[in-house]
Structures are given as C-alpha cells and as structure tokens.
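Below, each chain spelled out in residue letters.
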Amino acid sequence: MKKILVACGAGVCTSTVALQKLKSAMEQRGLSNQVSYGQCAVADLGMNAKNYDLVITTSKVTADYGVPVVFGLNFITGIGIEPLVDDIVKKLGL
C-alpha cells in the first residue's frame with residue numbers, strides 16, 4: 001500500500017479539492033486499493049512527510065522532505081490532470 005500526503009496552505013480547502021480529484025483518477029485507473037491518503041498544511045510537512053511515499057502540494061515548496069514532492073496545482077485548475085497522475089503513478093511504481 002502506497003501512501004500519498006496532500007498539502008496546501010491551511011490543509012483544508014485546496015488540498016481537499018486536489019485529494020478528491022486524485023482519488024477519482026486513481027479509481028478510474030483501478031488503483032484505489034493500492035493507495036491511502038493523508039492531508040495536512042504545508043507548514044506541517046516537516047513532521048508528516050516522512051510517513052508517506054509521496055507528497056502532493058498545491059503551493060510551491062522548496063524544502064527536501066526525503067520523499068518525492070509533486071506540485072499538484074493541476075488538480076485545482078483542471079488542466080493537465082492526466083499527465084500529472086501519470087507522473088504520480090510512475091513515481092509510486094504502480
């Protein structure tokens with residue numbers, strides 16, 4: 001089971017939208033049973049990211065958390081979601 005952490009500024013609004021679109025995309029690909037999700041604020045990534053296989057943020061971050069970080073603004077804009085999900089699946093090795 002791969003674990004994905006979705007983060008935004010406050011850990012509520014845009015991360016919730018991104019998470020719902022990500023879950024839907026993973027369902028469409030038949031990968032729902034291979035991933036679990038978490039959600040937090042960008043400020044909390046330092047203490048949370050190490051417990052996940054991949055982090056998706058809706059705001060730019062430059063810190064190294066020891067796991068791959070993907071900029072997920074595509075989930076908010078609705079543009080380029082498929083290539084982004086392709087990249088996430090590839091990074092997770094699914």
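The present account deals with the structure reproduced in this document.

The rules behind each value
- Residues numbered from 1 in each chain as written.
- Predicted model: local features only at pLDDT ≥ 70, side-chain atom pairs only at ≥ 80, totals over all residues.
- Heavy atoms only, no water.
- Pairing = 2+ DSSP bridges.
- Helix = DSSP H or I, 4+ residues; strand = E, 2+ residues; numbered from the N terminus.
- Axes fitted to C-alpha atoms, helices over the stretch in contact; angles between N-to-C directions.
- Contact = heavy atoms within 4.5 Å.
- Buried < 20%, exposed > 50% of the residue type's maximum accessible area, 1.4 Å probe, protein only.
- Expected span 1.5 Å × (residues − 1).
- Arc of directions from axis to C-beta.

Examining the sheet that holds strand E1 (residues 2-8)
1) Next: Within the open sheet, the 4 strands sit side by side as E2-E1-E3-E4. Their pairing is parallel. The outermost strands of the open sheet, each flanked by one partner alone, are strand E2 (35-41) and strand E4 (69-71). Going across the sheet, the axis of each strand differs from the next one's by a mean of 25 degrees, ignoring polarity.
2) Next: Bridging between strand E3 (residues 54-57) and E4 involves 3 bridges; their strand directions are parallel. Each residue of the ladder has a partner; that of isoleucine 56, found in E4, is valine 70.
3) Next: Sitting on the sheet, helix H1 (residues 13-28) touches E1, E2 and E3, and the angle it makes with E1 is about 150 degrees.
4) Next: Across the face of the sheet, helix H4 (residues 81-92) comes into contact with E1, E2, E3 and E4 while running at roughly 175 degrees to E4.

Looking at the environment of valine 67
1) Next: Mapped onto the elements of the fold, valine 67 is located in the loop between E3 and E4.
2) Next: Take valine 67: its relative accessible area is 16%, and that puts it in the buried class.
3) Next: Measuring from C-alpha to C-alpha, the distance between valine 67 and asparagine 51 comes to 9.2 Å, with 16 residues separating the pair along the chain.
4) Next: Discounting residues that sit within four places of it in the chain, valine 67 has contacts with Ala49, Tyr52, Asp53 and Val55.

Observations concerning the pairing of E3
1) Next: Alternating positions in E3 separate into two faces, Leu54 and Ile56 on one and Val55 and Thr57 on the other, with burial throughout.
2) Next: The sheet contact formed by E1 and E3 spans 4 bridges and is parallel. Residue pairing for E3: leucine 5 is matched across the bridge by valine 55.

Remarks on H4
1) Next: In a regular helix each residue adds 1.5 Å, so 12 residues correspond to 16 Å; H4 covers 16 Å between its end C-alpha atoms and thus fits that length.
2) Next: If you check which residues of H4 are buried, you get Ile81, Leu84, Val85, Ile88, Val89 and Leu92. Looking straight down H4, one finds its buried side chains confined to an arc of 135 degrees; they lie on one side. Opposite the buried face of H4, by more than 90 degrees, sit the exposed residues Pro83 and Lys90.
3) Next: Following H4 by one or two positions, glycine 93 adopts a phi angle in the positive range, close to 70 degrees.

These figures come from the coordinates and say nothing about function on their own.
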